[in-house]
Amino acid sequence: MERLGGSVIPINDVKYSSVAKGENLADTVRTLECYADVIVIRHPEVGSAAIAAKAARKPVINAGDGLANTPPQALLDAFTIREELGRTGWPKCHLAGDLKHGRTVHSLARLLSLYKVKTKFRCPRHPAHAPPKLINELNVKGVEQSEYTTLEDCLPETDVLYVTRVQRKRFTDEVVYESVRSAYVITPRY
(Lines give C-alpha, C1' and ligand atoms only; values in the text may rest on other atoms or scores of the structure.)
Protein backbone atom coordinates (compact mmCIF):
# COMPACT_ATOMS: atom_id res chain seq x y z
CA MET A 1 0.00 0.00 0.00
CA GLU A 2 2.78 2.40 0.92
CA ARG A 3 4.49 1.81 -2.43
CA LEU A 4 1.30 3.07 -4.08
CA GLY A 5 1.39 6.29 -2.07
CA GLY A 6 -1.06 5.20 0.61
CA SER A 7 -0.63 4.60 4.29
CA VAL A 8 -1.55 1.83 6.68
CA ILE A 9 -3.22 1.89 10.10
CA PRO A 10 -2.11 -1.43 11.56
CA ILE A 11 -3.73 -3.16 14.51
CA ASN A 12 -1.30 -5.96 15.16
CA ASP A 13 -1.93 -6.48 18.82
CA VAL A 14 -5.46 -6.05 20.15
CA LYS A 15 -4.21 -5.27 23.65
CA TYR A 16 -3.38 -1.80 22.29
CA SER A 17 -6.81 -1.25 20.75
CA SER A 18 -10.32 -0.69 22.07
CA VAL A 19 -10.96 -4.43 21.59
CA ALA A 20 -9.18 -4.88 24.93
CA LYS A 21 -11.84 -2.59 26.44
CA GLY A 22 -14.74 -4.62 25.03
CA GLU A 23 -15.19 -3.15 21.55
CA ASN A 24 -16.36 -5.80 19.07
CA LEU A 25 -15.13 -6.32 15.52
CA ALA A 26 -18.05 -4.50 13.91
CA ASP A 27 -17.41 -1.43 16.10
CA THR A 28 -13.70 -1.50 15.27
CA VAL A 29 -14.44 -1.69 11.53
CA ARG A 30 -16.93 1.19 11.69
CA THR A 31 -14.34 3.30 13.50
CA LEU A 32 -11.50 2.40 11.13
CA GLU A 33 -13.50 3.20 8.02
CA CYS A 34 -13.68 6.82 9.20
CA TYR A 35 -9.91 6.96 8.60
CA ALA A 36 -9.52 4.69 5.58
CA ASP A 37 -10.74 4.13 2.04
CA VAL A 38 -10.33 0.34 2.22
CA ILE A 39 -10.13 -2.13 5.10
CA VAL A 40 -7.91 -5.18 4.79
CA ILE A 41 -8.59 -7.76 7.47
CA ARG A 42 -6.62 -10.81 8.52
CA HIS A 43 -8.19 -12.27 11.60
CA PRO A 44 -7.80 -15.54 13.51
CA GLU A 45 -11.54 -16.22 13.76
CA VAL A 46 -13.46 -17.92 10.95
CA GLY A 47 -16.13 -15.61 9.54
CA SER A 48 -14.52 -12.39 10.78
CA ALA A 49 -14.11 -11.01 7.25
CA ALA A 50 -17.84 -11.50 6.62
CA ILE A 51 -18.65 -9.71 9.88
CA ALA A 52 -16.36 -6.84 8.86
CA ALA A 53 -17.88 -6.61 5.38
CA LYS A 54 -21.40 -6.54 6.80
CA ALA A 55 -20.51 -3.75 9.26
CA ALA A 56 -18.53 -1.59 6.82
CA ARG A 57 -19.69 0.84 4.18
CA LYS A 58 -16.22 0.87 2.62
CA PRO A 59 -14.65 -2.05 0.73
CA VAL A 60 -13.28 -4.89 2.86
CA ILE A 61 -10.55 -7.18 1.53
CA ASN A 62 -10.38 -10.60 3.16
CA ALA A 63 -6.68 -11.27 3.72
CA GLY A 64 -7.53 -14.44 5.62
CA ASP A 65 -9.80 -15.43 8.43
CA GLY A 66 -9.46 -18.43 10.63
CA LEU A 67 -6.99 -21.16 9.75
CA ALA A 68 -8.44 -22.08 6.37
CA ASN A 69 -8.40 -19.03 4.10
CA THR A 70 -6.00 -16.62 2.45
CA PRO A 71 -7.82 -15.35 -0.67
CA PRO A 72 -5.21 -12.80 -1.86
CA GLN A 73 -2.54 -15.50 -1.95
CA ALA A 74 -4.85 -17.76 -3.97
CA LEU A 75 -5.48 -14.96 -6.49
CA LEU A 76 -1.75 -14.32 -6.82
CA ASP A 77 -1.03 -18.05 -7.21
CA ALA A 78 -3.74 -18.48 -9.87
CA PHE A 79 -2.44 -15.43 -11.73
CA THR A 80 1.11 -16.82 -11.60
CA ILE A 81 -0.04 -20.21 -12.90
CA ARG A 82 -1.81 -18.56 -15.81
CA GLU A 83 1.13 -16.29 -16.60
CA GLU A 84 3.72 -19.07 -16.40
CA LEU A 85 1.77 -21.53 -18.53
CA GLY A 86 0.97 -18.84 -21.08
CA ARG A 87 -2.51 -20.14 -21.73
CA THR A 88 -6.01 -19.74 -20.48
CA GLY A 89 -6.83 -23.46 -20.28
CA TRP A 90 -6.51 -24.66 -16.71
CA PRO A 91 -3.99 -27.34 -15.82
CA LYS A 92 -3.79 -30.47 -13.75
CA CYS A 93 -2.60 -29.13 -10.41
CA HIS A 94 -0.74 -31.17 -7.81
CA LEU A 95 -0.97 -29.76 -4.27
CA ALA A 96 1.58 -31.14 -1.81
CA GLY A 97 2.45 -30.42 1.80
CA ASP A 98 0.52 -30.09 5.02
CA LEU A 99 -2.90 -30.19 3.40
CA LYS A 100 -4.76 -30.23 6.69
CA HIS A 101 -3.45 -26.87 7.93
CA GLY A 102 -2.22 -25.18 4.75
CA ARG A 103 -4.37 -22.07 4.27
CA THR A 104 -2.76 -21.41 0.89
CA VAL A 105 -3.65 -24.90 -0.30
CA HIS A 106 -7.26 -24.60 0.87
CA SER A 107 -7.72 -21.20 -0.76
CA LEU A 108 -6.07 -22.19 -4.03
CA ALA A 109 -8.06 -25.45 -4.25
CA ARG A 110 -11.30 -23.51 -3.74
CA LEU A 111 -10.37 -20.92 -6.36
CA LEU A 112 -9.23 -23.51 -8.89
CA SER A 113 -12.47 -25.43 -8.34
CA LEU A 114 -14.24 -22.62 -10.17
CA TYR A 115 -12.32 -23.73 -13.27
CA LYS A 116 -12.79 -27.49 -12.77
CA VAL A 117 -9.05 -28.05 -12.43
CA LYS A 118 -8.09 -31.68 -11.92
CA THR A 119 -6.59 -31.66 -8.44
CA LYS A 120 -4.06 -34.08 -6.98
CA PHE A 121 -3.09 -34.15 -3.32
CA ARG A 122 0.08 -35.45 -1.70
CA CYS A 123 0.74 -35.33 1.99
CA PRO A 124 2.95 -37.15 4.48
CA ARG A 125 1.70 -40.25 6.22
CA HIS A 126 0.31 -38.55 9.28
CA PRO A 127 -2.96 -36.72 10.04
CA ALA A 128 -2.22 -33.96 7.50
CA HIS A 129 -4.49 -35.16 4.74
CA ALA A 130 -6.76 -32.65 3.07
CA PRO A 131 -9.65 -32.01 5.40
CA PRO A 132 -12.88 -33.85 4.57
CA LYS A 133 -14.74 -30.52 4.40
CA LEU A 134 -12.48 -29.33 1.55
CA ILE A 135 -12.67 -32.70 -0.24
CA ASN A 136 -16.48 -32.60 0.01
CA GLU A 137 -16.61 -29.01 -1.29
CA LEU A 138 -14.58 -30.02 -4.32
CA ASN A 139 -16.71 -33.15 -4.85
CA VAL A 140 -19.91 -31.08 -4.84
CA LYS A 141 -18.38 -28.84 -7.51
CA GLY A 142 -17.48 -31.87 -9.63
CA VAL A 143 -13.71 -31.43 -9.32
CA GLU A 144 -11.76 -34.57 -10.22
CA GLN A 145 -9.45 -35.41 -7.29
CA SER A 146 -6.76 -37.97 -6.56
CA GLU A 147 -4.51 -38.60 -3.58
CA TYR A 148 -0.92 -39.80 -3.85
CA THR A 149 1.85 -40.64 -1.42
CA THR A 150 4.82 -40.17 -3.79
CA LEU A 151 5.71 -37.56 -6.38
CA GLU A 152 6.82 -40.24 -8.82
CA ASP A 153 3.26 -41.53 -9.06
CA CYS A 154 1.70 -38.30 -10.21
CA LEU A 155 4.33 -36.05 -11.81
CA PRO A 156 3.86 -37.43 -15.34
CA GLU A 157 0.28 -36.11 -15.26
CA THR A 158 1.04 -32.81 -13.49
CA ASP A 159 1.16 -29.37 -15.11
CA VAL A 160 1.60 -27.40 -11.87
CA LEU A 161 3.34 -28.60 -8.70
CA TYR A 162 2.32 -26.43 -5.73
CA VAL A 163 4.31 -27.30 -2.61
CA THR A 164 3.83 -25.91 0.87
CA ARG A 165 6.06 -26.43 3.86
CA VAL A 166 5.23 -28.58 6.82
CA GLN A 167 4.99 -26.21 9.79
CA ARG A 168 6.40 -27.28 13.16
CA LYS A 169 3.78 -25.23 15.05
CA ARG A 170 1.00 -27.46 13.69
CA PHE A 171 2.36 -30.56 15.43
CA THR A 172 1.90 -31.49 19.07
CA ASP A 173 4.20 -34.51 18.72
CA GLU A 174 7.81 -33.64 17.86
CA VAL A 175 8.51 -37.22 16.71
CA VAL A 176 5.72 -37.04 14.12
CA TYR A 177 6.98 -33.66 12.93
CA GLU A 178 10.53 -34.97 12.54
CA SER A 179 9.24 -37.96 10.57
CA VAL A 180 7.64 -35.74 7.91
CA ARG A 181 9.45 -32.42 7.94
CA SER A 182 11.64 -33.31 4.96
CA ALA A 183 8.87 -34.97 2.99
CA TYR A 184 8.62 -32.04 0.56
CA VAL A 185 12.17 -31.25 -0.37
CA ILE A 186 12.14 -30.72 -4.12
CA THR A 187 15.46 -31.44 -5.78
CA PRO A 188 16.65 -31.35 -9.42
CA ARG A 189 16.01 -35.08 -9.60
CA TYR A 190 12.29 -34.26 -9.80
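What counts and what doesn't
Residues numbered from 1 in each chain as written. Predicted model: local features only at pLDDT ≥ 70, side-chain atom pairs only at ≥ 80, totals over all residues. Heavy atoms only, no water. Axes fitted to C-alpha atoms, helices over the stretch in contact; angles between N-to-C directions. Helix = DSSP H or I, 4+ residues; strand = E, 2+ residues; numbered from the N terminus. Parallel < 35°, antiparallel > 145°, perpendicular 65-115°, else oblique. Left-handed = near helix turned anticlockwise from the far one by under 90°. Contact = heavy atoms within 4.5 Å. Salt bridge = Lys/Arg side-chain N within 4 Å of Asp/Glu carboxyl O. Buried < 20%, exposed > 50% of the residue type's maximum accessible area, 1.4 Å probe, protein only.

Topic: the packing of helix H3 (residues 71-85) against helix H4 (residues 103-113)
Argument step 1. At a minimum axis separation of 8 Å, H3 and H4 run at an interaxial angle of 60°. Looking at the two axes, H3 sits oblique to H4. Read as a crossing pair, H3 and H4 show a hand that is right-handed. Here Pro71, Gln73, Ala74, Leu75, Asp77 and Ala78 of H3 come into contact with H4, specifically with Thr104, Ser107, Leu108 and Leu111.

Regarding the pattern of salt bridges
Argument step 1. Applying the stated criterion across every chain yields a total of five salt bridges.
Argument step 2. Salt-bridge contacts for Arg57 lead to Glu33; the nearest nitrogen and oxygen are separated by 3.7 Å. Separated by 24 residues along the polypeptide, Arg57 in the loop between helix H2 (48-55) and strand S2 (60-65) and Glu33 in the loop between helix H1 (25-32) and strand S1 (39-43) bring together distant segments of the chain.
Argument step 3. Judged by its relative accessible area of 74%, Arg57 is exposed.
Argument step 4. Across the pair Arg168 and Glu174 runs a salt bridge whose closest N-O atoms are separated by 3.0 Å.
Argument step 5. For Glu174, a relative accessible area of 41% translates into the label partly exposed.
Argument step 6. Connected through salt bridges with shared partners, the residues Arg168, Glu174 and Glu178 form a single ionic network.

Regarding H4
Because an α-helix completes one turn every 3.6 residues, residues spaced three or four positions apart along the sequence face the same direction.
Argument step 1. H4 sits mainly inside the fold: 10 of its 11 residues count as buried.
Argument step 2. Taken together, the buried positions of H4 are occupied by Arg103, Val105, His106, Ser107, Leu108, Ala109, Arg110, Leu111, Leu112 and Ser113.
Argument step 3. Buried residues in H4 make contact with S1, H3, strand S3 (92-96), helix H5 (132-140) and strand S6 (160-163).

Focus on the environment of Thr70
Argument step 1. Relative to the assigned elements, Thr70 resides in the loop between S2 and H3.
Argument step 2. Owing to a relative accessible area of 9%, Thr70 belongs among the buried residues under this scheme.
Argument step 3. Each C-alpha atom, one on Thr70 and one on Val105, is 9.0 Å from the other, the two residues being 35 residues apart in sequence.
Argument step 4. Once you skip the residues sitting within four places of it in the chain, Thr70 turns out to touch Ala63, Gly64, Arg103, Thr104 and Ser107.

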